[in-house]
Amino acid sequence: MMNVKSVFVSVCAAVLLSACGTSVPLNDVPVADATSKTVQPSDANGSGVAGSGVAPVDLGKSSMPANASSESRLVYFDYDSYVIKPEFQSVIANNARLAKAQPSRKLAIDGHTDEQGGREYNLALGQKRADAVRNALAILGVPQNQMESVSFGKEKPAVSGSDEAAFAKNRRTEIRFQ
């Protein structure tokens, strides 16, 4: 009886272990980037930046006019997200250039949300948005001690209203030079 149990357990273990295996080769799998160009793994070691669709950021050049509007200091977010959208990377790059040119000025990065959700949740989401912008600025060379990120949650809306247009304007971070 003990021998049958041992054989049964061994067979079950073998079946389970064989089910965990894969016959799909995991090396030399082509990877597609956002431009649908196929990149072979041998090219994906970091040396293939040219032609990858990634544009370099020139911090010495600004597309922000001298009389920059408040829009040039705003980063808007999608609903329930703190991911910086590609269309706002130039805003961050321009503000990084300005901050690095004026190291004595501090940056306040204010995170805001729309009125949907609870107070605590919105404060946390606003902080994540402010920290995301702060981290992006830091990656571009702005010293951490020059920046402060804070969340206002839904307490300071940019526009009033309970429609999607108002909500979209309130899901933002504001970069303020002090």
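Higher on the page you've got the structure.
From a predicted model like this one, the values you see are computed outputs, not experimental measurements. (Residues numbered from 1 in each chain as written. Predicted model: local features only at pLDDT ≥ 70, side-chain atom pairs only at ≥ 80, totals over all residues. Heavy atoms only, no water.)

### Here's the deal with the overall build of the chain
- What the chain contains, in helices and strands, is 4 helices and 6 strands.
- Ordering the α and β elements of the chain from the N terminus gives α-β-β-β-α-β-α-β-α-β.
- Residues counted as buried form 29% of the 178 residues belonging to the chain.
- In the chain, once contacts between residues fewer than 6 apart in sequence are set aside, the share between residues at least 24 apart is 69%.
- Surface accessibility of the chain: about 11500 Å² in total, with carbon and sulfur atoms responsible for 59%. (Helix = DSSP H or I, 4+ residues; strand = E, 2+ residues; numbered from the N terminus. Buried < 20%, exposed > 50% of the residue type's maximum accessible area, 1.4 Å probe, protein only. Contact = heavy atoms within 4.5 Å. Areas by Shrake-Rupley, 256 points an atom, 1.4 Å probe, with all protein chains shown as cover.)

### So, the pattern of salt bridges
- By the definition in use, this model includes 7 salt bridges.
- A salt bridge links Lys85 to Glu87; the nearest nitrogen and oxygen atoms lie 4.0 Å apart.
- Residue Arg171 pairs with Glu164 through a salt bridge whose shortest N-O separation is 2.6 Å.
- Given the relative accessible area of 5%, Arg171 is considered buried. (Salt bridge = Lys/Arg side-chain N within 4 Å of Asp/Glu carboxyl O.)

### Here we look at the pairing of strand 5 (residues 147-153)
- The two faces of strand 5 differ: Met147, Ser149, Ser151 and Gly153 on one face are buried, but Glu148, Val150 and Phe152 on the other face are not.
- Where strand 4 (residues 107-112) meets strand 5, 6 bridges bridge the pair, whose relative direction is parallel. From the neighbouring strand, Leu107 faces strand 5, where its bridge partner is Met147.
- Taken together, strand 4, helix 3 (residues 119-139) and strand 5 form a β-α-β motif whose crossover is right-handed. (Pairing = 2+ DSSP bridges. Right-handed = clockwise from strand over helix to strand, strands pointing away.)

### Looking at helix 3
- An ideal rise of 1.5 Å per residue puts 30 Å on 21 residues; helix 3 measures up with 30 Å between its terminal C-alpha atoms.
- Here the buried face of helix 3 lies against strand 3 (74-76), helix 2 (89-101), strand 4, strand 5 and strand 6 (172-177).
- Positioned one or two residues after helix 3, Gly141 has a phi angle of 105°, which is positive. (Expected span 1.5 Å × (residues − 1).)

### Some details on the side chain of Asn170
- Structurally, Asn170 can be placed in helix 4 (residues 164-170).
- Using a relative accessible area of 4% as the deciding quantity, one classes Asn170 as buried.
- Those residues in contact with Asn170 that lie beyond four places of it in its chain are His112, Thr113, Asp114, Pro157, Ala158 and Val159.

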